[in-house]
Structure formats: structure tokens, C-alpha cells
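# Structure at a glance
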Amino acid sequence: MSVVYLNGDYLPVGDATVSVNDRGFLFGDGVYEVTPSYGGRLFRWEQHLARLKTGLAAIGIDFDAAALEQVKEELLARNGLDGVPAAYVYVQVTRGTAPRTHWFPDPPVAPTVYAFANRFMRPAMAEWRRGVSAVTVPDQRWARADIKAIALLANVLAAQAAVEAGAGNAIFVRDGIALEGSHNNLFAVFGGVLATAPKSNYILHGITRDLLIELAGEMGIPVEERAIPLPELTRADEVFFSGTTTEVRPVVEIDGRKVGDGRVGPVAQRLYERFLEAVEA
Ligand code: PDD
């Protein structure tokens, strides 16, 4: 059984319990972070930590997230994941346990800190080359999608809509603009130029997104951070998702229509190869 971390203790997942008065349970009042580990090494931990700190500050939870680095290493080791090619550590911090009031507990209570580690499976190259299909859904999230909040109901409903449509993922569309996937950022290629939604309160500022923009720069691929209207997205030469466990995942069909020629394109392919070199370096 896997070993998880809860409020200072390492324990079997079956023994890890939180109160029904935990504000994460009652309100979704907390933030989370998912950090990849390649060959036992956390990848871009500083960036994930910075985003977690920003999220904690944005919602007013006082917690020193820096201490989590050791927890993450320990979880990987205790779960035998320190040697595996690809794993991730999930951590969430909620405002803690207190009788239910909409306002913050006063005086503040200790946050609830929960973390676990797991492996993730990269698709075999043959499967990756087949790409995935996607459906578009109206973006019904709140206007702070940049905060990595544990309240993910709109994301859950979007992902389920994709499953029910027999698609691999959902793309959020707000006011006619294609923003990101249910749990990933979105890129499109137009005439060799890479485009992705600019950082705003309407998307999560993905660490993988940043990495791909950096790698594209090194590879001489021009990048535009700009709004992509849905009609334009459906005419893109290539489309792909990015994310911590998603890595780079090409989209070959949107709402039943082929993207480009319906095959994985050269920009996604080259970026993925460069991405794999970067994470395995
Ligand atoms: N999801 N956009 C959304 C809505 C996300 O939930 C995620 C990450 C991303 C990509 O961010 P990053 O590259 O930093 O992983 C974009 C995580 C992995 C999840 O919910 O499991």
C-alpha cells in the first residue's frame, strides 16, 4: 500500500484521514500542486514551489511551503519511486479544520497538508503518434483559473463531458476564445508559428507551458502568446496539450473535425523530442 504524508506523518494511505470539518472537504478551500519527478529527481521544483506560494498568498493561507521539498523526496523514496522514469508528487494545502463558516476561522487554524506520490505512464510512441481527440466545452470556471485551487468541479465536468463524447480531453472556450484543456494548457501551430493563450486570470500558468515556450525559442520556432479564437483553432495545422503528466500530447481531432491532415504534426513531434531530452537531462 502506498505511503502518504498527512500533517507531519508518513502513513499507509488507508490510515490517512481528515476531519469532515476540513475546509477542503466542505468548501474546496485550498490549493494544490503536481510536480514531476524524472529518474527520482524533481523537475522544476522551484517553479512549482513559486506557484504554490503565489496560490497560498492569493487565498490567504499562511504556510511555509518550502519545507515540502523534503517531504516530496521522502515520499518518492518511501514508495520506491526514486528510480522510476516518470513519477509525480501531489501536494495540497487546505485552510484546515474548523466548524463551518464561510469566512476564515478566527483565530486561524493549522492548515491541512496532504501529499502523495505516484508513477505516471507515458504513452508508447506508437500510441503518442495517434494523438487524441478533443471536444470543446463552455468555460464555466470562476475568474481565477490562475490559482491552482483544489475546487475543480468545472474541470471535472469538462473531463467527464469528453469521456461521454468518446474524446480524450476537453478544451475550455470562454467568449469564443480557446483557452486550455481540462487539466492542461493548449498550443496551436499556424504556418510554423506556435500560439498559446497569454498568461491571465483565465488560465493556469503551466510550468510545462513555460518550458515548451523556452524550448521552442531555443529551436528557433516563433511563439506568439495571444488569444486563439475557436474558429481559428479548428483551422490550425497542429494542436497539442501540455502539462505535468500530459507532457506534450497532440490533438488530431476537435469536435469531430480533423486538425490539419488529422495526423500528428512535425512541430509537436520535434518539441516532444526536445522536451524528453530536457526532462531526462
Ligand atoms: N494540471 N491547466 C490546467 C487547468 C491544469 O490543471 C494544469 C495542470 C495545467 C498544466 O500545468 P503544469 O504544466 O504546471 O502541470 C494547465 C495538473 C497536472 C492536475 O490537475 O493534475
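Keep in mind it's a predicted model, so treat the numbers as computed, not measured.

A word on the site of the ligand. Contacts to the ligand come from 17 residues, most closely from Tyr 32, Glu 180, Ile 207, Thr 208 and Thr 244. Between the ligand and Ile 207 there is a distance of 2.8 Å, counted from an oxygen atom to a backbone nitrogen or oxygen. A distance of 2.5 Å separates an oxygen atom of the ligand from a polar atom in the side chain of Thr 244. Here the ligand loses 90% of its free accessible area of 480 Å² to cover by the protein chains. When contributions to the shell around the ligand are tallied by element, the ones reaching two or more residues are β3 (30-38) and α6 (207-218). Partitioned by chemical class, the residues of the shell around the ligand number four nonpolar, nine polar and four charged. The residue makeup of the shell around the ligand includes at least three contributed by each of domain 1 (3-119) and domain 2 (125-280).

This part covers the pairing of strand β15 (residues 247-254). Burial analysis of β15 places seven of its eight residues in the buried class, which makes it a mostly covered element. Alignment of strand β7 (residues 132-138) against β15, held across three bridges, turns out to be parallel. By the bridge assignment for β15, Val 132 is matched with Val 251. Sheet topology places strand β14 (residues 238-243) next to β15; five bridges connect them, and they run antiparallel. Bridge pairing in β15 links Val 239 to Val 251. Connecting the antiparallel pair β15 and strand β16 (residues 257-258) is a turn made up of two residues, with Asp 255 showing a positive phi of about 50°.

The tally for this structure, following the rule as stated, stands at 11 aromatic pairs. Plain terms: the ring middles of Tyr 88 and Phe 116 are 6.0 Å apart, the flat faces sit at 75° to each other, and that makes the pair edge-to-face. Here Phe 116 lies in strand β6 (residues 112-119) and Tyr 88 lies in strand β5 (residues 86-94), a separation of 28 residues in the sequence. What links up through ring pairs into an aromatic cluster is the set Tyr 32, Tyr 38, Phe 43, Tyr 88, Tyr 90, Tyr 114, Phe 116 and Phe 120. Its guanidinium or amino end placed over the ring of Tyr 10, Arg 78 lies 4.2 Å from that ring's centre, counting from NZ or CZ. Here the guanidinium or amino end of Arg 95 rests over the ring plane of Phe 104, the centre of that ring lying 3.5 Å away.

With that out of the way, let us pick up the side chain of Arg 249. Relative to the assigned elements, Arg 249 resides in strand β15. The class of Arg 249 is buried, set by a relative accessible area of 18%. For Arg 249, the contacting residues outside a window of four places in its chain are Pro 123, Glu 127, Trp 128, Val 132, Phe 240 and Phe 241.

Turning our attention to the domain arrangement of the protein. Bring the parts together and some accessible area is lost; that lost area is often taken as the interface size. The assigned domain composition of the protein is domain 1 (3-119) and domain 2 (125-280). Centre-to-centre separation of domain 1 and domain 2, based on C-alpha positions: 26 Å. With 23 residues of domain 1 at the contact, the number on the domain 2 side is 19 residues. A combined buried area of about 1,700 Å² lies between domain 1 and domain 2, and 66% of that area is made up of carbon and sulfur atoms. The three residues of domain 1 that bury the most area against domain 2 are Tyr 32, Tyr 38 and Arg 51, which together make up 38% of that side's buried surface. Our count for the contact surface shared by domain 1 and domain 2 stands at one salt bridge.

Attention now goes to a nonpolar patch on the surface. Taken together, the side chains of Leu 153, Val 156 and Leu 157 make up a nonpolar region of the molecular surface, amounting to roughly 310 Å² of accessible area. Tracing the chain through its elements places Leu 153 in helix α5 (residues 153-164).

This next bit is on α5. In this model, α5 (12 residues) spans 16 Å end to end at C-alpha, consistent with the 16 Å of a helix rising 1.5 Å per residue. Buried within α5 are the following residues: Ala 154, Asn 155, Ala 158 and Ala 162. An end-on view of α5 places all buried positions within 100° of arc, on one side of the element. Facing away from the buried side of α5 by more than 90 degrees, the exposed set consists of Leu 153, Leu 157, Val 163 and Glu 164. Where α5 is buried, its residues contact β7 and β8 (169-174). Trailing α5 by a residue or two, Gly 166 shows a phi angle of about 75°, which is positive.

Calculation criteria
Positions within a chain are numbered from 1, following the residues in the order the chain's sequence is written. Given that this is a predicted model, residues contribute local features only at a pLDDT of at least 70 and side-chain atom pairs are listed and counted only at 80 or more, while totals for whole chains, interfaces and linings are drawn from all residues. Only hydrogens and water are removed before side-chain values are computed, so all heavy atoms of the structure are retained for them. Whether a residue is near a molecule or strand depends on its heavy atoms: it is near if one of them lies within 4 Å of it. In protein, a polar contact requires one atom able to donate a hydrogen and another able to accept it; more generally it is a pair of N or O atoms within 3.5 Å, and residues adjacent in sequence count only if both atoms are side-chain atoms. Note that accessible areas follow from Shrake-Rupley with a 1.4 Å probe, and for residues the cover is restricted to the protein chains shown. Going along the chain from the N terminus, every DSSP run of H or I of four or more residues is numbered as a helix, and every run of E of two or more is numbered as a strand. Polarity classes work like this: nonpolar for Ala, Val, Leu, Ile, Met, Phe, Trp, Tyr, Cys and Pro, charged for Asp, Glu, Lys and Arg, and polar for all others, with Gly in that last group. Domain start and end points were adopted from an automatic or database domain assignment. Note on exposure labels: buried denotes an accessible area under 20% of the residue type's maximum, exposed denotes more than 50%, and partly exposed covers the range between, all computed with a 1.4 Å probe on protein chains only. Strands are treated as partners if at least two bridges between them are detected by DSSP. When two rings of Phe, Tyr or Trp (its six-membered ring) have centres within 6.5 Å they constitute a pair, described as stacked for plane angles under 30 degrees, edge-to-face for angles over 60, and tilted for the intermediate range. Only when the NZ of Lys or the CZ of Arg is both within 6 Å of the ring centre and within 35 degrees of the ring normal is a charge said to sit over the ring. The contact criterion used is simple: two residues touch if any of their non-hydrogen atoms lie within 4.5 Å. Accessible area, probed at 1.4 Å, shrinks when two parts are joined; the buried area is that loss added up over both. Throughout this description, the term salt bridge denotes a Lys or Arg side-chain nitrogen within 4 Å of a carboxyl oxygen of Asp or Glu. A residue counts toward a patch only above 30% relative accessible area and without a salt bridge, and it is joined to like-charged neighbours within 9 Å or, for Val, Leu, Ile, Met, Phe, Trp and Tyr, to nonpolar neighbours within 5 Å. Here, expected helix span is obtained from the residue count minus one, scaled by 1.5 Å. In this context, the arc is that of the directions from the helix axis out to the C-beta atoms.

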